[in-house]
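One letter stands for each residue in the lines below.
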Amino acid sequence: QVQLVESGGGLVQAGGSLRLSCAASGMIFSINTMGWYRQAPGKQRELVAGITSGGSTNYADSVKGRFTISRDNAKNTVYLQMTSLKPEDTAVYYCNANVRGLFPRNNEDYWGQGTQVTVSS
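Note that residues are indexed from 1 along each chain, following the sequence as it is written. Where local features are concerned, this predicted model is filtered to residues with pLDDT of at least 70; where side-chain atom pairs are given and counted, the filter is 80 or more; whole-chain, interface and lining totals use all residues. With hydrogens and water excluded, all non-hydrogen atoms of the structure serve as input to the side-chain values.

1. As for the environment of Ser84
In this fold, Ser84 is placed in the loop between β8 (77-82) and β9 (91-101). For the pair Ser84 and Asn106, spaced 22 residues apart in the sequence, the C-alpha separation amounts to 39 Å. Any pair of residues with heavy atoms lying within 4.5 Å of one another is described as a contacting pair. In contact with Ser84, other than residues within four places in its own chain, are Gly15, Gly16, Ser17, Arg66 and Asp89. Labels follow the DSSP assignment, with helices taken as runs of H or I lasting at least four residues and strands as runs of E lasting at least two, numbered in each case from the N terminus.

In structure tokens form, the structure reads like this:
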């Protein structure tokens, strides 16, 4: 099994910054893509940013220029640096990882438990 543990959420004023972290552990052979999603009340979960094992990134239009995703492959950890936060960024943020397990060598998607980010105006 694989576990994803997130940290770094909280309450911040508009214009502020937060950094989210997500560490993967368990029966991991390798990790393919990692990403961050968010879900606001009454809305569907949406992709915020993704990063491949080689470091290629993609972002939702709404966060381009404000959020930066990065990863440390040695630590199986992905980060989301969020700056110039807006009230509309308020949501539960979920970490996602596509993991190739040790036994069997299958690719599976795993999710973190979610961390609340609240941006006050």
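Once you've had a look at it, read on.
2. Quick word on the sheet that holds strand β1 (residues 2-7)
Pairing between strands is defined by DSSP: at least two bridges between the two strands are required. What the 4 strands build is an open sheet, ordered β1-β3-β8-β7; its pairing is antiparallel. Two strands close off the open sheet at either side, each with one partner strand: β1 and β7 (67-72). Neighbour-to-neighbour, the strand axes of this sheet turn through a mean angle of 15 degrees, independent of strand direction. Where β7 meets β8, 6 bridges bridge the pair, whose relative direction is antiparallel. Directly across from Arg71, in β8, lies its bridge partner Val78. Note on geometry: axes are C-alpha line fits, over the in-contact stretch for helices, and angles between N-to-C directions span 0 to 180 degrees.

3. As for the environment of Val117
Following the sequence through the fold, Val117 ends up in strand β11 (residues 115-120). Note on exposure labels: buried denotes an accessible area under 20% of the residue type's maximum, exposed denotes more than 50%, and partly exposed covers the range between, all computed with a 1.4 Å probe on protein chains only. By relative accessible area, which is 0% here, Val117 ends up buried. Residues Val117 and Pro87, spaced 30 residues apart in sequence, show a C-alpha to C-alpha distance of 9.7 Å. Those residues in contact with Val117 that sit more than four places away from it in its chain are Gly9, Gly10, Leu18, Leu20, Met82, Asp89, Thr90, Ala91 and Tyr93.

4. A word on the nonpolar core
Nonpolar side chains in soluble globular proteins generally cluster together in the buried interior. For the purposes of this section, nonpolar cores are sets of buried Ala, Val, Leu, Ile, Met, Phe, Trp, Tyr and Cys residues that join through side-chain atoms within 4.5 Å. Residues Trp36, Leu80, Met82 and Tyr93 are the most contacted members of the largest nonpolar core, which totals 31 residues. By residue number, the principal contributor to this core is β9, which donates 5 residues. Beyond its immediate sequence surroundings of up to four residues, Met82 is in contact with Gly16, Ser17, Leu18, Leu20, Arg66, Phe67, Tyr93 and Val117.

5. Describing the side chain of Asn96
As for its position among the elements, Asn96 is in strand β9. Identification of polar contacts relies on pairs of N or O atoms within 3.5 Å, with a donor-acceptor requirement for protein atoms, meaning one able to donate a hydrogen and the other able to accept it, and with residues adjacent in sequence counted only if both atoms are side-chain atoms. Separated by 3.3 Å, the side chain of Asn96 and the backbone oxygen of Tyr110 make a polar contact. The contacts of Asn96, once residues within four sequence positions are left out, are Leu4, Thr33, Met34, Gly35, Tyr37, Asp109, Tyr110 and Trp111.

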